[in-house]
Structures are given as structure tokens and as C-alpha cells.
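# Residue-level structural notes
Letter by letter, the chains look like this.
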Amino acid sequence: MDHEDDILKEEHSRLVISMNGISQDPGKTGKAFSEVLKIFQYHLDREEGTVVPLLSYLKERMCKGGRTVDDSLVTAADNLSVELESMLEEHRQIEDLLGRIMDLPKEKQTEMALEIVAELRHHVALEEQMLYPAAMAATELIKLKKKTC
Ligand SMILES: [Fe+2]
Ligand SMILES: [Fe+2]
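Quick summary incoming for the structure in this document. (Residues numbered from 1 in each chain as written. Chains lettered and ligands numbered in written order. Predicted model: local features only at pLDDT ≥ 70, side-chain atom pairs only at ≥ 80, totals over all residues.)

## A look at the overall build of the protein chain
For clarity, the cut-off: Numbering goes from the N terminus for both helices and strands, where a helix is a DSSP run of H or I of at least four residues and a strand is a run of E of at least two. In this scheme the burial state of a residue depends on its C-beta neighbours within 10 Å: 20 or more other such atoms mean buried, 12 or fewer mean exposed, and anything in between means partly exposed; the C-beta positions come from the backbone. Note on contacts: each residue gets a C-beta atom placed from the backbone, and two residues are in contact if those atoms are within 7 Å.
Helix and strand counts for the protein chain stand at four helices and zero strands. Shown N-terminal to C-terminal, the secondary structure of the protein chain runs as helices and strands in the order α-α-α-α. Buried residues in the protein chain amount to 27% of all 149 residues. The contacts in the protein chain between residues at least 6 apart in sequence include a share of 74% that link residues at least 24 apart.

## Examining the packing of helix α2 (residues 28–61) against helix α3 (residues 71–103)
To be explicit about the condition: Lines are fitted to the C-alpha atoms to define the axes, a helix being fitted only along its stretch in contact, and any angle between axes, read from their N-to-C directions, falls within 0 to 180 degrees. For this classification, under 35 degrees means roughly parallel, over 145 means roughly antiparallel, 65 to 115 means roughly perpendicular, and everything else is oblique. We call a crossing left-handed when the near helix sits turned anticlockwise from the far one by less than a right angle, and right-handed when that turn is clockwise. Amino acid classes used here: Ala, Val, Leu, Ile, Met, Phe, Trp, Tyr, Cys and Pro are nonpolar; Asp, Glu, Lys and Arg are charged; the rest, including Gly, are polar.
One way to put it is that α2 packs onto α3 with a least axis distance of 8 Å and a crossing angle of 155 degrees. In terms of orientation, α2 and α3 fall into the roughly antiparallel class. Between α2 and α3 lies a crossing whose hand is left-handed. The class makeup of the residues in the contact of α2 with α3 is 17 nonpolar, seven polar and six charged.

## Brief notes about the nonpolar core
For clarity, the threshold we go by: In plain words, the nonpolar core is the set of buried Ala, Val, Leu, Ile, Met, Phe, Trp, Tyr and Cys residues that C-beta atoms within 7 Å link up.
Grouped together as the largest cluster of nonpolar side chains are 15 residues, with contacts concentrated most on V36 and L98. Breaking this core down by element, the ones donating at least two residues are α1 (7–23), α2, α3 and α4 (111–148). For this core, the element with the highest residue contribution is α2, accounting for five residues. For V36, the residues in contact, after removing those within four places along its chain, are M19, I94, L97 and L98. Counting 14 residues, the second-largest nonpolar core is a separate cluster that includes A76, A77, L80 and Y132.

## A closer look at α2
This is how the line gets drawn: By definition here, a helix of n residues has an expected span of 1.5 Å times n minus one. Note that bend, as reported per residue, equals the angle between axes fitted to the 7 residues terminating at that residue and the 7 residues originating from it.
The first and last C-alpha atoms of α2 sit 47 Å apart over 34 residues, in line with the 50 Å expected at 1.5 Å per residue. The largest bend in α2 is about 40 degrees, located at E47.

## As for α3
Taking 1.5 Å of rise per residue, 33 residues should cover 48 Å, and α3 covers 46 Å from first to last C-alpha, within 8% of that figure. Along α3, the helix axis deviates most sharply at E83, where the bend reaches about 50 degrees. Listing the buried residues of α3 in full gives L73, A76, A77, L80, H91, I94, L97, L98 and I101.

Written out as C-alpha cells, the structure is:
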């Protein structure tokens, strides 16, 4: 797999490691992050099975000839169409938990916790504003290709 395809996966791994660490903290912050982590781990598996291959398909279209639409891409496109709503709902659930962390008294908010909250919010915004729309565009292209080929 190309390095570029791994950017999302690398970010997921980094966030999982950070959240694994902070989840061990006793108290409400650690507990809230362990709840975020539970959702995030389930969530990232589906993103990596749909958004990642679809973005990789878009990128490969820039190269001469591009990539042929195989069954695995059609499956990723079908799965994204089915899963998109619940993936967006999981983002809402994650944001609710992050909001709870931000509502804690300032003295309970460590620098590390604030950093992870900011990283997660950036990650979700990037996905919703760019990566999901791009993956949906890839889905439309793949379905169109399937119809005409
Ligand atoms: Fe993600
Ligand atoms: Fe996500």
C-alpha cells in the first residue's frame, strides 16, 4: 500500500495510542476517554474498510489508466453508502463525550487531554468536510462505471 493511503490509518493509530494512555487516568477524564476509545475503535475499522480504499481509488485515477473497478471497490462503495449515517452518528457521540471533558472544571483538564480533544475534533472535521465527501464522490463514480461497463 502506498504511503499516502496510510495517512488516515496512521492518524487513527496515533489517536488510539494517545487515548489508550489517557484512559488509564483515574477520574472523569480517563473514563470519558475510554468511552470515546470504545466508539473510535469500532468506528475506525469501518472507515479503513470504506473511506481508505475509496480515496485510494480517487488518487489512482490521477495516474495514467487509473485503477480498474474490482469487486472489493464495489463492496467498499456499497458499505460506505450503508454505513455513512451511523458513522456520522458516531462522530456526534464522540463530540458529546468530548464536550463532557471540556465541561469539567479547568483544574481537571490536563494539557494532554486538551491536546487529544483538539486532535480528535480536527480529525472529525477533516473527515466530514473533505474525506467523506471525497469518498462519496468515489462511490458515485464507481457505481456509474459499474452501470456503463
Ligand atoms: Fe477517522
Ligand atoms: Fe471518523
